Amino acid sequence: MPRMAAAARREIICVAARGLFAERDYRAVTVDEIARRAGVTPPVLYDHFYSKRDLYSHLLERQAEDLTARVARSTVQAGGGKARLRAAYDGFLALVEDQPMLAGDHSGDEDLRATTSRRDAQADAALAEVLGSGGRLFSGEPDRERSLELTARWVRHGLLGLTAWWREHPETPRDVLVDHAMAITWTGLRSLRKHGRG
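Residues numbered from 1 in each chain as written. Predicted model: local features only at pLDDT ≥ 70, side-chain atom pairs only at ≥ 80, totals over all residues. Heavy atoms only, no water.

## A closer look at helix α5 (residues 81-98)
Along its 18 residues, α5 runs 26 Å from first to last C-alpha, staying within 8% of the 26 Å computed at 1.5 Å per residue. Arg84, Leu85, Ala87, Ala88, Tyr89, Gly91, Phe92, Leu93, Ala94, Leu95 and Val96 are the residues of α5 that are buried. (Helix = DSSP H or I, 4+ residues; strand = E, 2+ residues; numbered from the N terminus. Expected span 1.5 Å × (residues − 1). Buried < 20%, exposed > 50% of the residue type's maximum accessible area, 1.4 Å probe, protein only.)

## A short note on the packing of helix α4 (residues 52-75) against α5
Taken N-terminus to C-terminus, the directions of α4 and α5 make an angle of 140°; their axes are 8 Å apart at the nearest point. If you check the angle between α4 and α5, you find them oblique. Considering the relative orientation of α4 and α5, their crossing is right-handed. When α4 is examined against α5, the residues Gln63, Asp66, Leu67, Arg70, Val71, Ser74 and Thr75 are found in contact with a partner set consisting of Arg84, Ala87, Ala88, Gly91, Phe92, Ala94, Leu95 and Asp98. The class makeup of the residues in the contact of α4 with α5 is 7 nonpolar, 4 polar and 4 charged. (Axes fitted to C-alpha atoms, helices over the stretch in contact; angles between N-to-C directions. Parallel < 35°, antiparallel > 145°, perpendicular 65-115°, else oblique. Left-handed = near helix turned anticlockwise from the far one by under 90°. Contact = heavy atoms within 4.5 Å. Nonpolar A, V, L, I, M, F, W, Y, C, P; charged D, E, K, R; others polar.)

## Remarks on the side chain of Thr151
Position of Thr151 among the secondary structure elements: in helix α7 (residues 144-168). For Thr151, a relative accessible area of 14% translates into the label buried. Within the structure, Thr151 has its side chain in polar contact with the backbone oxygen of Ser147 (distance 2.8 Å). (Polar contact = N/O pair within 3.5 Å; in protein donor to acceptor, adjacent residues only side chain to side chain.)

## Brief notes about the packing of aromatic side chains
In this structure the tally under the stated criterion is 3 aromatic pairs. Between Phe21 and Tyr26, the ring centres sit 5.9 Å apart and the planes meet at 40°, which makes this aromatic pair tilted. Exposure remark for Tyr26: the relative accessible area of 10% places this residue in the buried category. Connected via pairs of aromatic rings, a cluster forms that spans Phe21, Tyr26 and Tyr56. Directly above the aromatic system of Tyr26 lies the positively charged group of Lys52, at a separation of 4.5 Å from the ring centroid. (Phe/Tyr/Trp six-rings, centres within 6.5 Å; stacked < 30°, edge-to-face > 60°. Lys NZ or Arg CZ within 6 Å of the ring centre and 35° of its normal.)

## Quick look at the pattern of salt bridges
One pass over the full model with this rule turns up 16 salt bridges. The salt bridge partner of Arg53 is Asp109, with a shortest N-O separation of 2.9 Å. Taken together, the residues span a long stretch of sequence, with Arg53 in helix α4 and Asp109 in the loop between α5 and α6 (110-132) at a distance of 56 residues. We classify Asp109 as buried; its relative accessible area is 13%. In this structure, Asp111 and Arg53 form a salt bridge, with 3.1 Å as the shortest nitrogen-oxygen distance. One end of the pair, Asp111, is in helix α6; the other, Arg53, is in helix α4, with 58 residues separating them in the sequence. One continuous salt-bridge network, built from bridges that share partners, spans Arg119, Asp120, Asp124, Arg153 and Arg156. (Salt bridge = Lys/Arg side-chain N within 4 Å of Asp/Glu carboxyl O.)

Okay, structure coming up:
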């Protein structure tokens, strides 16, 4: 039997770890469990990652890159603010369909908390860029950037709430969630424009 390439084995470890971390949280998962699910021994896992924290940090950083890239790919062909926002939601939820979003209490680990914050900030920035791309949202406000940032944060948390619900109702098609997110968000954004806040 041919030996598996290092990159392929590393990816198997990442997929196994991501699944376990999504199921039970960072602190509840052991290196032995990750290795067992990946079909490797703990020493082989340590050949690829220095520690459980190193592996988790790698997954968070990669998730941030994946999310930014997925939203960018989804929106590049979309014309107009509404179409771009819908495409961004679809890209976000498509990523969640492929891999669970990692979350949890990292209060005891400053490095992981900082890495999680960077990932979330990248997601907020991607959403703010889509929200502000039409140039009309909050255009009359003196602090437009802050308003976009607040709106992006609210949108991201709403999407995360939808993904939590989706885990409990996996039979629901992705486009149903996209439609629901758009109905709520677009109504709110139109109201802001109507009342002179964009």
